[in-house]
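Coordinate analysis (summary)
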Amino acid sequence: DRNAWDSPAHEAILEEMGASYQVINSGSLASHDLSPYELVIIPGDQLTETYSNLASNQAKLRDYAESGTLFASAASSGWAGGEWSPYLPGNVEYVEEYYDDLTIVDDDAEPFVDISDSDVDGWGSSSHGVFPVIPNDANVGVRVANGDPTYISYQLATGNVLAHTMTLEYAYGE
């Protein structure tokens, strides 16, 4: 519903790639057909209302992620002050904690190919939380200093979920 950390990162990257895209407000998600899309991006740093709308559409997001790719941020309590509501498919749990020291543990995890640990550290809260409960088959791409996952990917049927608690959009603008 808003640019995370006031950064148009997602739109800018899609435009740089020459990809066509459509912005959908969370309030209209219930009436919107997601099946034509290969990728759905949910940015972080949203209002509480946005997270509530996403939670109300958790089944729809799960159904979509079973055949498409959902790239979702759980980085809440940012500049918008939004409180996160559970919406990620696969019974993923999120705990709000702040970390600035991250470790990339899977160099092949998109979008962290050719990125080093120093590239994801020092943003002034590089991560806004962790996922203490994740699917058994989830791949962990990035961990915080205590070892908890902050970036995960997992498969649902023939689709994929890529979820993180990082302030990626903020870093794009820096």
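Residues numbered from 1 in each chain as written. Predicted model: local features only at pLDDT ≥ 70, side-chain atom pairs only at ≥ 80, totals over all residues. Heavy atoms only, no water.

Let's talk about the pattern of salt bridges
Counted only if it meets this: For this analysis, a salt bridge means a side-chain nitrogen from Lys or Arg found within 4 Å of a carboxyl oxygen belonging to Asp or Glu.
Across all of its chains, the model carries four salt bridges by this definition. One network of salt bridges, with partners in common, ties together Arg2, Asp6 and Asp45.

A closer look at the sheet that holds strand E7 (residues 149–156)
Operational definition: DSSP bridges decide pairing: two strands pair if at least two such bridges lie between them. Segments assigned H or I by DSSP are reported as helices when at least four residues long, segments assigned E as strands when at least two residues long, and all are numbered from the N terminus. To define axes, lines are fitted to C-alpha atoms, for helices over the stretch in contact only, and angles between the resulting N-to-C directions are given on a 0 to 180 degree scale. Contacts between residues were defined by any pair of non-hydrogen atoms, one from each residue, lying within 4.5 Å.
The six strands are arranged E1-E2-E8-E7-E6-E4 in an open sheet whose pairing can be described as mixed. Every other strand in the sheet has two partners, leaving strand E1 (39–42) and strand E4 (102–104) as the edge strands with one partner each. If you compare each strand with its neighbour and ignore which way they point, the axes differ by 15 degrees on average. The sheet contact formed by E7 and strand E8 (residues 159–164) spans six bridges and is antiparallel. Counted as the bridge partner of Gln155 is Asn160 from E8. Sitting on the sheet, helix H3 (residues 58–65) touches E1, strand E2 (69–73), E7 and E8, and the angle it makes with E2 is about 135 degrees.

Focus: the pairing of E8
What counts is decided by this rule: A simple rule labels every residue: compare its accessible area, found with a 1.4 Å probe on the protein chains alone, to the largest value its type can have, and call it buried under 20%, exposed over 50%, or partly exposed in between.
In terms of residue burial, E8 counts as a mostly covered element, since five of its six residues are buried. By the bridge criterion, five bridges tie E2 to E8 in an arrangement that is parallel. The residue of E8 that forms the bridge with Thr69 is Asn160. Linking two consecutive strands that pair antiparallel, namely E7 and E8, is a turn of two residues; a positive phi of about 50 degrees is found at Ala157 within it.

Section: a negative patch on the surface
To keep things clear, this is the line we draw: Each patch is assembled from residues with relative accessible area greater than 30% and no salt bridge, linking like charges that lie within 9 Å and nonpolar side chains (Val, Leu, Ile, Met, Phe, Trp, Tyr) that lie within 5 Å. Areas reported here follow the Shrake-Rupley algorithm with a probe of radius 1.4 Å; residue values treat only the protein chains shown as occluding. Think of it this way: Lys and Arg go in the positive column, Asp and Glu in the negative one, and His and the chain ends go nowhere. Here the site of a charge means atom NZ of a Lys, CZ of an Arg, CG of an Asp or CD of a Glu.
Together, Asp107, Asp108, Glu110 and Asp114 line one region of the surface with negative charge. Following the sequence through the fold, Glu110 ends up in the loop between E4 and strand E5 (130–133).

Describing unusual backbone geometry
Phi is positive for Trp5, close to 50 degrees, though the residue is something other than glycine. Its place among the elements puts Trp5 in the segment before helix H1 (9–16). With phi around 90 degrees, Ser125 is a residue other than glycine that occupies positive phi space. Tracing the sequence through the fold places Ser125 in the loop between E4 and E5.

Remarks on the nonpolar core
Selection rule: In plain words, nonpolar cores are sets of buried Ala, Val, Leu, Ile, Met, Phe, Trp, Tyr and Cys residues tied together by side-chain atoms within 4.5 Å.
With 25 residues, the main nonpolar core has Ile42, Leu61, Leu70, Tyr87, Leu88, Phe131 and Tyr154 as its most contacted residues. Within the residue set of this core, elements represented by two or more residues are E1, helix H2 (48–56), H3, E2, E7 and E8. Among all residues touching Tyr87, those that are not within four sequence positions of it are Ile42, Tyr51, Leu54, Ala55, Gln58, Leu61, Ala72, Ser73 and Ala74.

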